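Below, each chain spelled out in residue letters.
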Amino acid sequence: MKKINNTAAVFLQLGLDDKFDINKYNPLAADAINSFKKFHPDCDVFFIDNNNFEEYCELFRTKNEIELYQNVGILKFILSYYIMDFYGYDKIISMGIDTITCNRLDEFLNKNTDILATLNYPCQESTDYWTTPYFEVSPGVYDHGNINADVVCFNNPEALKKIIDLSIEHFTYFGEQGALNELAWVDKSYSVKIVDFPYPTSPVVYNARSKGVFGTNMIVNGVLAKHGPPLDGTPSPLKRFYVKNNKLYTGDHKQIKCFHFVEGLGGRPDEEFNAIMNDFKYKWFNDDTIKFFKEQCGCSEFFN
């Protein structure tokens, strides 16, 4: 691929196990890429999958090194690093294939902090190497500083390399997401800014927080689950999304710059995966939101 712009986005759809049907992600991945392109015609886009993965490995002459790491998240960051270095990009935006870009990502494009990160679910997570903090934003108002790795922007290749090193040296279940949190809250050798933190005062949301729940499997058949009475069975916060001036907002009036499904899809058996895909398509969102995804974001593959 030829470099055209100074910013690039990287999407990775890679199956590391021959028994895993990576093609079941195709409609989601297509709309993740289409929606990003819709709002960012001035950004180059790299889509790496099983069809061209070997070519990129050979291009960067790192085939043996890359294939050592059987973790898709870490591989995406490794490939992002080599793309940034090889082509000389000033900025790399790393995106999950279960995202929908809903507007131009100005908070990424207009800032040059080493790493621009986004919020995960509002919960505290930890390993032997780090613990996500819990802040008092203002008197009586609190928020979790938990970072999600699927929507992140790198402005410094050395900071990205540090994340890769930490994710390997201090490998845990959290992979590269653990390394992001470790760098932000413990290591601090490079600057990290969370663009939608603190959520209570942020006008925008980029990641998991727009869902209005605390973790995965908490929205089932379009209603709340795992919350306990009296909330279980009531409409989820997704049903309160609304469109104003061709922009998508949460029920608490945050503009959704990027929606992330964040449901741990990779570890689900096919039957469960297919069930949640139907949930996404037909039960999670109100009609105005689906219309917005299709007409404003170019999501014609998944919401067909």
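This text follows the structure it describes.
Residues numbered from 1 in each chain as written. Predicted model: local features only at pLDDT ≥ 70, side-chain atom pairs only at ≥ 80, totals over all residues. Heavy atoms only, no water.

**Thoughts on unusual backbone geometry**
Working step 1: A cis amide bond links Phe-197 to the next residue, Pro-198, at an omega of -10°.
Working step 2: Mapped onto the elements, Pro-198 comes out in the loop between strand E9 (192–194) and strand E10 (204–205).
Working step 3: Cis geometry marks the peptide bond from Pro-229 to Pro-230; its omega dihedral reads 5°.
Working step 4: A positive phi angle, close to 55°, is found at Asn-221, a residue other than glycine. (Helix = DSSP H or I, 4+ residues; strand = E, 2+ residues; numbered from the N terminus.)

**Points about the sheet that holds strand E8 (residues 147–154)**
Working step 1: One open sheet holds the six strands; their spatial order is E2-E1-E3-E8-E5-E9, and the pairing between them is mixed. Each edge of the sheet is formed by a strand with only one pairing partner; in this case those strands are strand E2 (44–49) and E9. The sheet shows a mean angle of 25° between the axes of neighbouring strands, taken without regard to direction.
Working step 2: Alignment of strand E1 (residues 7–13) against strand E3 (residues 91–95), held across five bridges, turns out to be parallel. Bridged to Thr-7 within E3 is Lys-91.
Working step 3: Contacts between helix H4 (residues 72–87) and the sheet are confined to E1, E2, E3 and E8, with E3 contributing the most and set at about 160° to the helix. (Pairing = 2+ DSSP bridges. Axes fitted to C-alpha atoms, helices over the stretch in contact; angles between N-to-C directions. Contact = heavy atoms within 4.5 Å.)

**A few points about the side chain of Lys-254**
Working step 1: Residue placement: Lys-254 occurs in the loop between strand E14 (247–249) and strand E15 (255–256).
Working step 2: Among buried Asp, Glu, Lys and Arg side chains, Lys-254 stands out as unpaired, with Asp-252 the closest opposite charge at 5.3 Å. (Buried < 20%, exposed > 50% of the residue type's maximum accessible area, 1.4 Å probe, protein only. Lys, Arg positive; Asp, Glu negative; His and termini not counted. Salt bridge = Lys/Arg side-chain N within 4 Å of Asp/Glu carboxyl O.)

**Some words on the pairing of strand E6 (residues 134–138)**
Working step 1: Pairing geometry for E6 and strand E7 (residues 141–144), over four bridges, is antiparallel. Counterpart to Phe-135 in the pairing with E7 is Asp-143.
Working step 2: The loop that links E6 with its antiparallel partner E7 comprises two residues; one of these, Gly-140, has a positive phi angle of about 80°.

**Considerations on the side chain of Asp-114**
Working step 1: Here Asp-114 is to be found in the loop between helix H5 (106–109) and strand E5 (115–119).
Working step 2: Look at Asp-114: it is buried, it has no salt bridge, and the nearest opposite charge is Lys-91 at 10 Å.
Working step 3: At 3.0 Å, the side chain of Asp-114 forms a polar contact with the backbone nitrogen of Ser-191.
Working step 4: Each residue touching Asp-114, except ones within four places of it in the same chain, is listed here: Cys-153, Phe-154, Asn-155, Asn-156, Ala-159, Tyr-190 and Ser-191. (Polar contact = N/O pair within 3.5 Å; in protein donor to acceptor, adjacent residues only side chain to side chain.)

**Looking at the packing of helix H2 (residues 53–60) against H4**
When two helices pack together, their arrangement is given by the angle between the helix axes and by the axis-to-axis distance.
Working step 1: Relative to each other, H2 and H4 sit at 50°, their axes nearing to 11 Å. Taken as axis vectors, H2 and H4 run oblique relative to one another. Where H2 crosses over H4, the two elements pack in a sense that is left-handed. On the side of H2, the interface is formed by Phe-53, Tyr-56, Leu-59 and Phe-60, while H4 contributes Leu-79, Tyr-82, Ile-83, Phe-86 and Tyr-87. (Parallel < 35°, antiparallel > 145°, perpendicular 65-115°, else oblique. Left-handed = near helix turned anticlockwise from the far one by under 90°.)

**Brief notes about the packing of aromatic side chains**
Each aromatic ring pair is described using two quantities: the centre-to-centre distance and the angle formed by the ring planes.
Working step 1: Within the structure shown, the criterion is met by 35 aromatic pairs.
Working step 2: Between the aromatic rings of Phe-261 and Phe-285, the centroid separation amounts to 6.2 Å while the plane-to-plane angle is 75°, which identifies the pairing as edge-to-face. Residue Phe-261 is located in the loop between strand E16 (258–260) and helix H8 (270–282), and its partner Phe-285 is located in the loop between H8 and helix H9 (287–295); the two are separated by 24 residues in the primary sequence. Here Phe-261 matches Phe-285 in class, with each residue buried.
Working step 3: Aromatic side chains Trp-284 and Phe-285 sit 6.1 Å apart centroid to centroid with 65° between the ring planes, which places their arrangement in the edge-to-face category. When sorted by exposure, Trp-284 lands in the same class as Phe-285, which is buried.
Working step 4: Through a chain of ring-to-ring contacts, the aromatic side chains of Phe-241, Phe-259, Phe-261, Phe-280, Trp-284, Phe-285, Phe-292, Phe-293, Phe-302 and Phe-303 assemble into a single cluster. (Phe/Tyr/Trp six-rings, centres within 6.5 Å; stacked < 30°, edge-to-face > 60°.)

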